[in-house]
Amino acid sequence: MIFTNKHKIGFRILLTLLIILMTILSVGLGFALSINTNNINIENFIHEKPSLPSVILDRNGDVISELVGVEQRTLIEFNDLPKAQVFALLTREDNPFFQHSGFSIRGFSRALFSMLKNGNLDGGGGSTLTMQLAKIRLDNVFNRTVFTKLLELWEAWQIERQYTKQEIMQMYLNKVNFGHGAYGIEAVSKYFFEHSAKENTPAESVMSVIQVARPTLYSPDRNPGSAKKVQQRVLSQMVANGYLTQEEADKSFATYWANFDWSRDGSETVHNARNREDQAPWFTEYVREEIKNLLYGTQDVYKDGYTIHTTLDISYQKSADNYLLTKLEEVRKGYSTESDAKKNTVYNQFSSIISLMGLVSNIKEIKIEEEAKIKKENDYFNQEIVPNIRVLSLVTGLNSLNTVSQVALKSSGERNENQIETALLTIDNKNGQILAMVGGSKFEYTNQLNRAIDPKVEISPGSSFKPLFISAGISNNKITAGTHFSDKPKTFELDGAEPYTPNNYGGVWRGDVLLRYALNKSLNIPAIEALQIIGFDDAIRRSAALLGITDPGEIRAKFDRKFPMALGTSTVNLAQMTRAYSAFANNGKANEPYGIRFIENQNGAIIANVEDDMLQKSYRADRQVMSPQDAYIMTSVLETTLAPGGTLNYGYRNTKNQFNGMAMAGKTGTSENWKHSWAIGYSPYYTTAVWYGFDKGANTLGQNNNGAVLSGLVWAKYMEEIHEKLPIKEFDKPSGIVERTICTVSGDLKSQKCPNSIREVYKAGTEPTTFCEYHTFIEESKNESIMKILDIIEIELNPEESIINAELEFFTPEILDEGDNKESDLSIELWD
């Protein structure tokens, strides 16, 4: 077939038409795919999971706090909103919202005119609520051009096609940024008004929606004057629109400002404002840190809305905060008063002389008189003037005044290293679950060191350390609860070390004592003698096992193999000591303290189960630090500290009902120079450690704030309160325990000559088997001394009278009072 020119032209025309047709089809298909893709993107945006905070619950399901990220968002349904909230939004942002189709010709024209006049779209707004929602999806909040405006129109049109007006408004109110880190109407309502958006009044509804445009300028916290003017103007517009009566608007406006908190300065965000609602800020921060080791990959505790089930008991936490912090305030006040008195004494007596010396020698460092005056004036300014300046700045709207107050507060807010601090930790004996935690005084930006649980904390435990290593002597049968010690001045020598001569608290010596009495009175000489008997190896091994220290290097660094170790010179933290004492209560088994039970995602699926992991670890052989029999004997000995004369007796006597009969045991401790005050004790249910002291420096709490008086009192009152509703229990007594009546001096079985005796507990096979000979010897020595005295003074006795009768007749008060005969004095000394 021969192609002519005519054929060629026809072919070219046909090919061109095909190309045009394919182009049209391609463009149409691409357009359709674009619309479909865009619809999918809009659908994903509308239904995407919002950034939700994770909620922390206590063991009873009560809310402790929330972990909030940059976007604090809580969803709310349209039908749950008050009408005033909807009307306020319409009045402020888009009054014809329910009449238009997502696009306002008038508003867009105004925005276009602004662009032509000013070169930008900032002057006229023109965005409907639907367009603002589209802007959020396109992330065009800061990119304002004609092209982006057209894209917003396109997005808005498609949103209007797919959703009802109520759904669009609900999405808007749940997604828009209201400032202060609050995303959504529910979050901003809780931040500003401390209640749900469901409860917003007309004035509160207006105050929330005016934050959308300029949250910095119209924040009632930062600029209450500006916010007040705009709020009143919008309320008037709502009245004009028929949404409110004038009376309703005026009443709501007046009520809002009558109850306004002028102390808020707007420096907070939703994130740190949560601390105001936090039931246990120290525990919340602990949980926050622990979660870092439990979540992986893209899991985000601040966005994914997890439910974190913890071990804390809010009711116990409130009791802990009450007793611990109330006492802290009292102790700080007393310490400050005493410290100021000392400083004033020095200043009054020596300042003039020192200042004169400074003038004569021209040494500026000792010109203290003027500096003291300036310091006193600065203290008055910071404490009395600055708070009033801040309130005045908020009321008047003078930002310069607010700047002055903020700078002053910052300079005066630096923490004092010499400040008395405190801590408390309560755990469940059977599993180590943390029930209450106080890491210090007020949790804030400058005070976040958790003294209850942080491994970096190192505090000398004083005498509260003694039971740890003494339990090793019970376990290896080198000592018993009835072992005899001699409490008298003594120097201890160790190869390669200086001779060590310790003293007792108050410089009082008790003479012959048993272990039970020695721990009851916290005597130092018997403790060191016990360490000698047990040996450093066994003592350190047992102490480390109870404290949960397993690293050999840390053990070597922690425990100095010298005699002062017996008096608690090694450093520990509250978690370690609580773990150790809970082992005594838990039949010799130690459990690691932990606070998170398990974590659920939004669908209720468990993504981390710490509780099960800790249960499995509790079965490890190394958790059984000592036998149940050893633990029971230690508990029996430590119960004595609550008896009259014991170190915990002061606290016990000052409780309301002496624990209502609940079994308790424990020990106090006071470190050298009274820097740290400890009380650690337990019931069959819980173990609690209480500490007061200083983080740094060489300050002293004073003798009146030792472990028995300060920490022991708080421990007792707190423990009584958290046990009030629990069934009365005694400590479990395992098999293999025997009891014997022994002499309180020698520790041997009581003989007829022993004047005092106690019932003591032993592991079967370690009980004494011989009768006391000490008092028999004393009786014989006494009789011999009496006979010598009778011979000297030549008293004739009736043969029928017994030596005892003669003795009783001789040692009458009249003769004892005379004290003229030296040998009589000798006999009396032997009798004592």
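Residues numbered from 1 in each chain as written. Predicted model: local features only at pLDDT ≥ 70, side-chain atom pairs only at ≥ 80, totals over all residues. Heavy atoms only, no water.

K.L.:
How would you sum up the overall build of the protein? Please name residues and give values.
P.N.:
Check the secondary structure of the protein and you find 29 helices and 16 strands. With 832 residues in all, the protein has 48% of them scored as buried. (Helix = DSSP H or I, 4+ residues; strand = E, 2+ residues; numbered from the N terminus. Buried < 20%, exposed > 50% of the residue type's maximum accessible area, 1.4 Å probe, protein only.)

K.L.:
Residue-level account of helix α19 (residues 536–547), with values.
P.N.:
The terminal C-alpha atoms of α19 lie 16 Å apart, and with 12 residues this matches the ideal 16 Å at 1.5 Å per residue to within 8%. At its buried positions, α19 is contacted by α16 (466–475), α18 (524–534), α20 (552–558) and α21 (574–585). The positive-phi residue at the C-terminal boundary of α19 is glycine 548, with phi of around 85°. (Expected span 1.5 Å × (residues − 1). Contact = heavy atoms within 4.5 Å.)

K.L.:
Let's hear about the packing of aromatic side chains: which residues, and what values?
P.N.:
One pass over the full model with this rule turns up 25 aromatic pairs. Judged by centre distance (5.8 Å) and plane angle (35°), the ring pair of tyrosine 652 and phenylalanine 659 falls under tilted. In this structure tyrosine 652 comes out as partly exposed when scored by relative accessible area, which is 27%. Among the aromatic residues, ring-to-ring pairing joins Tyr191, Phe192, Phe193, Tyr256, Trp257, Phe260 and Trp262 into one connected group. Geometry around tryptophan 157 places arginine 161 over its ring, the cationic atom sitting 5.0 Å from the centre. The residue whose ring lies beneath lysine 165 is phenylalanine 97, and the NZ or CZ to ring-centre distance is 4.4 Å. (Phe/Tyr/Trp six-rings, centres within 6.5 Å; stacked < 30°, edge-to-face > 60°. Lys NZ or Arg CZ within 6 Å of the ring centre and 35° of its normal.)

K.L.:
A description of the confidence of the model for the protein should follow, citing residues and the corresponding values.
P.N.:
On average, residues of the protein carry a pLDDT of 81, and 73% of them reach 70 or more. Here residues 409–415 is modelled with pLDDT under 50, and outside its nearest four sequence neighbours on either side it reaches 9 contacts, counting other chains as well. Across residues 795–832 the pLDDT falls below 50, and counting only partners more than four positions away or on other chains, this stretch makes 30 contacts in the model. (pLDDT = per-residue confidence, 0-100.)

K.L.:
Let's hear about the nonpolar core: which residues, and what values?
P.N.:
Counting 90 residues, the largest nonpolar core has Phe283, Ile291, Ile308 and Phe469 as the members making the most contacts within it. In terms of residues, this core owes the most to one element, α21, which gives 8 residues. Counting residues in hydrophobic clusters, the runner-up holds 47 residues, among them Leu90, Leu173, Val176 and Val212. (Core = buried A, V, L, I, M, F, W, Y, C linked by side-chain atoms within 4.5 Å.)

K.L.:
Lay out the packing of helix α2 (residues 83–93) against helix α6 (residues 165–175) in plain terms, naming residues and giving numbers.
P.N.:
For the pair α2 and α6, interaxial distance at closest approach is 12 Å and the crossing angle is 85°. It follows from the interaxial angle that α2 and α6 lie roughly perpendicular. Contacts between α2 and α6 pair Val86, Leu89, Leu90 and Glu93 from the former with Met169, Tyr172 and Leu173 from the latter. (Axes fitted to C-alpha atoms, helices over the stretch in contact; angles between N-to-C directions. Parallel < 35°, antiparallel > 145°, perpendicular 65-115°, else oblique.)

K.L.:
Please provide a residue-by-residue account of the sheet that holds strand β5 (residues 307–310), values included.
P.N.:
The strand order β2-β1-β5-β10-β11 describes an open sheet built from 5 strands, whose pairing is mixed. Two strands in the sheet have a free side with no partner beyond their single neighbour: β2 (63–67) and β11 (606–609). With strand direction ignored, the average angle separating the axes of adjacent strands in the sheet is 20°. Relative to strand β10 (residues 596–600), β5 is paired through 4 bridges, and the arrangement is antiparallel. Of the residues in β10, the one forming a bridge with histidine 309 is phenylalanine 598. Against the sheet, helix α12 (residues 281–291) touches β1 (54–57), β2, β5 and β10, its axis set at about 50° to β2. Docked against the sheet, helix α22 (residues 610–617) engages β10 and β11, running at close to 140° with respect to β10. (Pairing = 2+ DSSP bridges.)

K.L.:
I'd like a description of the sheet that holds strand β7 (residues 434–438), backed by residues and values.
P.N.:
Spatially, 5 strands are ordered β7-β6-β14-β13-β12 in an open sheet, and the strand pairing comes out antiparallel. What marks the edges here is a single partner per strand, and that holds for β7 and β12 (665–670). The average angle at which neighbouring strand axes cross in this sheet is 5°, direction not considered. With 9 bridges joining them, strand β6 (residues 420–428) and strand β14 (residues 686–694) adopt antiparallel strand pairing. Within β14, the position partnered with leucine 424 by the bridge is valine 690. Against the sheet, helix α23 (residues 628–639) contacts β12 and β13 (676–682), and its axis sits at roughly 65° relative to β12.

K.L.:
Describe the pairing of β14, listing the residues and the values that go with them.
P.N.:
Working note: regular strand, side chains alternate between the two faces of the sheet. Taking burial as the measure, the 9 residues of β14 include 9 buried ones, the bulk of the element. Residues Tyr686, Thr688, Val690, Tyr692 and Phe694 point to one face of β14 and Thr687, Ala689, Trp691 and Gly693 to the other, with burial holding for every one of them. With 7 bridges joining them, β13 and β14 adopt antiparallel strand pairing. For isoleucine 680, the partnering residue across the bridge sits in β14 and is alanine 689.

K.L.:
So, the state of the cysteines: which residues are in play, and what are the values?
P.N.:
Summed over the entire model, instances satisfying the criterion amount to 0 disulfides. Distance from the sulfur of cysteine 754, which forms no disulfide, to the nearest cysteine sulfur (cysteine 772) is 3.5 Å. Residue cysteine 772 is classed as buried on the basis of its relative accessible area of 3%. (Disulfide = S-S within 2.5 Å.)

K.L.:
For the pattern of salt bridges, give the residues involved together with the corresponding values.
P.N.:
Summed over all chains, the structure comprises 24 salt bridges. Here glutamate 421 ties to arginine 451 by a salt bridge, and the two come within 3.8 Å at their closest N and O atoms. Of this pair, glutamate 421 sits in strand β6 while arginine 451 sits in the loop between β7 and α16, and the two are 30 residues apart along the sequence. The same class applies to glutamate 421 as to arginine 451, namely buried. (Salt bridge = Lys/Arg side-chain N within 4 Å of Asp/Glu carboxyl O.)

K.L.:
I'd like a description of unusual backbone geometry, backed by residues and values.
P.N.:
With phi around 50°, glutamine 658 is a residue other than glycine that occupies positive phi space. With respect to the helices and strands, the residue glutamine 658 is situated in the loop between α24 (649–653) and β12. Here glutamine 658 falls in the partly exposed class, since its relative accessible area comes to 28%. For phenylalanine 659, which is not a glycine, the phi torsion comes out positive at approximately 65°. Within the secondary structure layout, phenylalanine 659 lies in the loop between α24 and β12.

K.L.:
Give me the environment of alanine 575: which residues, what numbers.
P.N.:
Looking at the secondary structure, you find alanine 575 in helix α21. Since its relative accessible area comes to 10%, alanine 575 is described here as buried. For the pair alanine 575 and threonine 688, spaced 113 residues apart in the sequence, the C-alpha separation amounts to 9.7 Å. Ignoring sequence-local partners within four residues, the contact set of alanine 575 consists of Leu425, Ala452, Ile453 and Pro593.

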